[in-house]
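Residue-level structural notes
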Amino acid sequence: MEKKELKAGEVSYEKLIINPSWCKGCGICVAFCPKKILSIENEKVKVDDIEKCIQCGMCELRCPDYAIYVGGKKNEKRG
Amino acid sequence: MPSNLVEKYFRTEKLPQIWCPGCGHGVITRSIVDAIDQAGLDKDKVCIVSGIGCSSRAPGYMDFNTLHTTHGRALAFATGIKLAKPELKVIVITGDGDATAIGGNHFIHACRRNIGITTIVYNNNIYGMTGGQYSPTTPKHEKGTTAPFGNIDKAFDICDLASAAGASYVGRSTAYHANLTTTLVKNALNNEGFSLVEAVSGCPTYYGRKNKKGNAVDMMNWYKDNAVTAAAAAKLSEEQMAGKILIGEFKNKPEPEYTSEYQKIIDKLAKGR
Ligand SMILES: Cc1ncc(C[n+]2csc(CCOP(=O)(O)OP(=O)(O)O)c2C)c(N)n1
Ligand code: SF4
Ligand code: SF4
Ligand code: SF4
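Let us look at the structure shown here.

Cut-offs applied
- Residues numbered from 1 in each chain as written.
- Chains lettered and ligands numbered in written order.
- Predicted model: local features only at pLDDT ≥ 70, side-chain atom pairs only at ≥ 80, totals over all residues.
- Heavy atoms only, no water.
- Helix = DSSP H or I, 4+ residues; strand = E, 2+ residues; numbered from the N terminus.
- Rg over C-alpha atoms; globule rule 2.2 N^0.38 Å.
- Buried < 20%, exposed > 50% of the residue type's maximum accessible area, 1.4 Å probe, protein only.
- Contact = heavy atoms within 4.5 Å.
- Lys, Arg positive; Asp, Glu negative; His and termini not counted.
- Charge placed at Lys NZ, Arg CZ, Asp CG, Glu CD.
- Near = heavy atom within 4 Å.
- Nonpolar A, V, L, I, M, F, W, Y, C, P; charged D, E, K, R; others polar.
- Polar contact = N/O pair within 3.5 Å; in protein donor to acceptor, adjacent residues only side chain to side chain.
- Salt bridge = Lys/Arg side-chain N within 4 Å of Asp/Glu carboxyl O.
- Pairing = 2+ DSSP bridges.

Looking only at helices and strands, one finds 3 helices and 6 strands in chain A. For chain A, the sequential pattern of α-helices and β-strands runs β-β-β-α-β-β-α-β-α. Against the globule reference of 12 Å for 79 residues, chain A gives a C-alpha radius of gyration of 11 Å, in line with a compact fold. Its C-alpha atoms put chain A at 30 × 30 × 25 Å along the principal axes. Taken across its 79 residues, chain A has 49% of its residues classed as buried. Contacts spanning at least 24 positions in sequence make up 40% of the contacts within chain A whose residues lie at least 6 apart. Within chain A, the 12 negative side-chain charges are centred at a point lying 6 Å from the centre of the 15 positive side-chain charges.

In structure tokens, the structure reads:
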């Protein structure tokens, strides 16, 4: 899957979007991702293997800083 | 771009919040806007009121009518708003200190009146903002900066307190159980009278550190492993329940709401003239 850098340092893998400028590196998303594909590098979240992401939204659900979320249809439905 | 949910309901120019890394308050705040979204409420018809504390900073980030008031007095301000504009959905966001220490009297009387306010207490068992003093919900023998050798007070059970005082909707969740928080807040918003949702929140900086609870992830894991639903609790002895957190919906018993009872008096007197 293509990795795109958006404005303000945001990183989009289309199915998963990360905003490092809001991430405080707490590690909650890393701990509760059922696929164990996230890690922390330099106090920011990082995706190690986007292909394995099942868009379950567990990371988004418990991120205290709204710095990671599921893209595509799931996102479009909300708000 | 943030997620659609965040874009719609947050003042994104103010993010990220001032809260410490891994503070449970951010997770609970997201669950609340998720509930507002699922309840299909009109943003302009919602008013969110808070007192003072880390938890009370939440409405500052939320894109609704918001009011940040004085310590312990959120419910007093909210009562005024609800009486002046009963058509509004009034939500109070408060902390365990704000709601049950300095604001304890407002709290029990708002419950007793069954006024149509949905109150969400972010219970982190400590005064986070002022540096970790023990609060009315700090468990016995646990530590705070003002109880370096352990707190000897018995903790309040906020849900029992609200229920006994007359709240018509009562439930508890934790920062880990984000979807449950959303469900409880949504049900609470659907109750006409006073609703109380206690959301147990992790304060890794003070409560966590003072009581050797580990980091933010450890605290979330602790909620995951130690929260028990009422159904499961029924099968456990009192000893087995010690130190566990009871979660779920405890009371949903609609009763006449205060501002509509007040309106009845107005209507009656208006007819008499
Ligand atoms: C009248 C008054 N007394 C004391 C304070 C100091 N004070 C500010 S926040 C706070 C406690 C906050 O604790 P809590 O409501 O549990 O919120 P938290 O910060 O833990 O989220 C206190 C004592 C104040 N601001 N005003
Ligand atoms: S959506 Fe699920 S699988 Fe994908 S990164 Fe988030 S938690 Fe992991
Ligand atoms: S949960 Fe959020 S703030 Fe914490 S590490 Fe993950 S993306 Fe960053
Ligand atoms: S002091 Fe505690 S409650 Fe306040 S922001 Fe930090 S972790 Fe959260």
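Taken together, W19, C20, C23, H25, C54, N124, G128, C203, P204, T205 and Y206 of chain B make up the full set of residues near ligand 4. The class makeup of the residues in the shell around ligand 4 is 7 nonpolar, 4 polar and no charged.

So, about the site of ligand 1. Residues and elements named next belong to chain B. As a matter of local geometry, ligand 1 sits amid 17 residues, with C54, S55, G97, D98 and G128 nearest to it. One of the side-chain nitrogen or oxygen atoms of H25 is found 3.0 Å away from an oxygen atom of ligand 1. Backbone polar atom of C54 to an oxygen atom of ligand 1: 2.8 Å apart, as the coordinates give it. Where the shell around ligand 1 is concerned, the elements lending two or more residues are α4 (96-102) and β5 (126-127). The dominant element in the shell around ligand 1, judged by the number of residues it contributes, is α4, at 4 residues. Split by residue class, the shell around ligand 1 holds 6 nonpolar, 9 polar and 2 charged.

Turning our eyes to something else, we now look at the pattern of salt bridges. With the rule as written, the count across this model stands at 14 salt bridges over all chains. The partner of E198 of chain B in a salt bridge is R172 of chain B, and the shortest N-O contact between them spans 3.0 Å. Note that E198 of chain B is positioned in strand β8 (residues 195-200) and R172 of chain B in strand β7 (residues 169-174), a separation of 26 residues in sequence. You'll find E198 of chain B and R172 of chain B in the same group, each marked buried. K264 of chain B is the salt-bridge partner of E261 of chain B, the closest N and O atoms lying 2.7 Å from each other. Placement of the pair is E261 of chain B and K264 of chain B together in helix α12 (residues 258-272), with a separation of 3 residues, close to one helical turn. Exposure remark for E261 of chain B: the relative accessible area of 32% places this residue in the partly exposed category. One network of salt bridges, with partners in common, ties together E60 and R78 of chain A together with R30, D34 and D37 of chain B.

Turning next to the interface of chain B and chain A. Taken together, the contact between chain B and chain A spans 34 residues of the former and 21 residues of the latter. For the pair chain B and chain A, the interface holds 3 salt bridges. One salt bridge in this structure joins E60 of chain A and R30 of chain B, with 3.1 Å as the shortest N-O distance. Connecting chain B to chain A are 13 residue pairs in polar contact (both at pLDDT 80 or more). When contributions to the side of chain B that touches chain A are tallied by element, the ones reaching two or more residues are α1 (4-9), α2 (24-39), α7 (178-190) and α9 (216-226) of chain B. Looking at the side of chain B that touches chain A element by element, the count peaks at 7 residues for α2 of chain B. Considered class by class, the residues forming the side of chain B that touches chain A number 19 nonpolar, 10 polar and 5 charged.

Moving on: the pairing of strand β10 (residues 245-252) of chain B. Residues and elements named next belong to chain B. By the bridge criterion, 4 bridges tie β7 to β10 in an arrangement that is antiparallel. Paired with Y169 across the two strands is N252, which belongs to β10. Summarising the sheet, strand β9 (residues 227-229) and β10 pair through 3 bridges and their orientation is parallel. Following the sheet pairing, V228 is matched in β10 by L246.

The subject of this paragraph is unusual backbone geometry. For the bond from L15 of chain B to P16 of chain B, the omega torsion is 0°, close enough to zero to count as cis. Inspection of the secondary structure assignment puts P16 of chain B in the loop between α1 and α2. Backbone geometry places N42 of chain A, a non-glycine residue, at a positive phi of 50°. In this fold, N42 of chain A is placed in the loop between β4 (38-41) and β5 (44-47). A positive phi angle, close to 55°, is found at Q55 of chain A, a residue other than glycine.

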